[in-house]
Amino acid sequence: MREVTVNQGPGAVDEIDALRAQEYDLLAALLGRAPGPDLLAALQALDGDGSPLGQAHAALGRAARAAQAREIGRDYFALFVGVGRGLIMPYASYYLTGFLNERPLARVRQDFAELGIERDPSSSEPEDHAATLLEVMANLSSGRLPAEAGTDHRFFERHLKPWIGRFFTDVAAQAATPFYRAVGELGEVFTTIEAEAFAMEA
């Protein structure tokens, strides 16, 4: 799923910010659609150190090596799409208000306009989908989306921090496969680290 289009901006990116962007890109890809063969093959090589994030990477790598693509696809459909609706509604509006297309979506659209982000007209998903918001964070962290310093912090605080941890906890709890349980756990660990790091900057 590609909800946004951005201009590629030049300039060096801090190594830590580049790594952050990779995490956001990965989580956005895994929430936007079930992984294809190339992504699944890449994840099978994933490993990590003894840190919480490293352990979450290692768990995702193990789950990818044991996974069957068809089972992962079914789990993705049950979690996020479903017949009528999925087990989990991956939208900020739903998590924050209990309904779709509410004030959180309006705030996302306002900030998208200020950042010069254009919605993909071919997509039917509201812009407050978790994958879209994580993709924007990847673009801000990497400098692919030019913005003033601290914009990623403000975007995270405004559009992700209030709900994304609960969302990933729900993914880990309701997934039928070890693969999407590992995705939920990785998202929970990473977004907790981001929230703590941003809090130290404040």
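Up top is the structure these notes are about.
Quick caveat, the model's predicted, so the values are computed rather than measured.

Q: Can you walk me through the overall build of the chain in this structure?
A: A tally of helices and strands in the chain yields ten helices and two strands. On C-alpha atoms alone, the chain measures out to a radius of gyration of 16 Å, which is about the 17 Å that the 2.2 N^0.38 rule sets for 202 residues. Across its three principal axes, the chain shows a C-alpha extent of roughly 45 × 40 × 30 Å. A buried classification covers 47% of the 202 residues belonging to the chain. A separation of at least 24 residues holds for 68% of the contacts in the chain among residues at least 6 apart in sequence.

Q: Please explain the packing of helix α8 (residues 151-159) against helix α10 (residues 178-201) as it appears in this structure.
A: Think of two packed helices as two axes; the pair is described by the angle between the axes and how far apart they sit. Relative to each other, α8 and α10 sit at 120°, their axes nearing to 11 Å. Here α8 lies oblique to α10, going by the angle between them. Read as a crossing pair, α8 and α10 show a hand that is left-handed. Judged by residue contacts, D152, H153, F156 and E157 of α8 engage T191, E194, A195, F198 and E201 from α10. Residue composition of the contact of α8 with α10, grouped by class: three nonpolar, two polar and four charged.

Q: Got a minute to help me understand the packing of aromatic side chains in this structure?
A: Aromatic ring pairs are reported here in terms of the distance separating the ring centres and the angle at which the planes meet. Scanning the entire structure with this criterion turns up 13 aromatic pairs. For the ring pair Y95 and F167, a centre distance of 5.9 Å and an interplane angle of 85° mean the geometry is edge-to-face. Taken together, the residues Y95 in helix α5 (residues 92-97) and F167 in helix α9 (residues 164-174) connect sequence positions 72 residues apart. In this structure, Y95 and F167 share a single accessibility class: buried. Three or more aromatic residues joined by ring pairs make a cluster, and in this case those are Y76, F80, Y94, Y95, W163, F167, F168, F179 and Y180.

Q: What is the right way to look at a nonpolar patch on the surface in this model?
A: There is a patch of nonpolar side chains on the surface, built from F77, V81 and V83 and spanning about 300 Å² of accessible area. Summarising the element assignment, V83 is placed in the loop between α4 (69-81) and α5.

Rules used in this analysis
- Residues numbered from 1 in each chain as written.
- Predicted model: local features only at pLDDT ≥ 70, side-chain atom pairs only at ≥ 80, totals over all residues.
- Heavy atoms only, no water.
- Helix = DSSP H or I, 4+ residues; strand = E, 2+ residues; numbered from the N terminus.
- Rg over C-alpha atoms; globule rule 2.2 N^0.38 Å.
- Buried < 20%, exposed > 50% of the residue type's maximum accessible area, 1.4 Å probe, protein only.
- Contact = heavy atoms within 4.5 Å.
- Axes fitted to C-alpha atoms, helices over the stretch in contact; angles between N-to-C directions.
- Parallel < 35°, antiparallel > 145°, perpendicular 65-115°, else oblique.
- Left-handed = near helix turned anticlockwise from the far one by under 90°.
- Nonpolar A, V, L, I, M, F, W, Y, C, P; charged D, E, K, R; others polar.
- Phe/Tyr/Trp six-rings, centres within 6.5 Å; stacked < 30°, edge-to-face > 60°.
- Patch = residues over 30% accessible without salt bridge, like charges linked within 9 Å, V, L, I, M, F, W, Y side chains within 5 Å.
- Areas by Shrake-Rupley, 256 points an atom, 1.4 Å probe, with all protein chains shown as cover.
- Salt bridge = Lys/Arg side-chain N within 4 Å of Asp/Glu carboxyl O.

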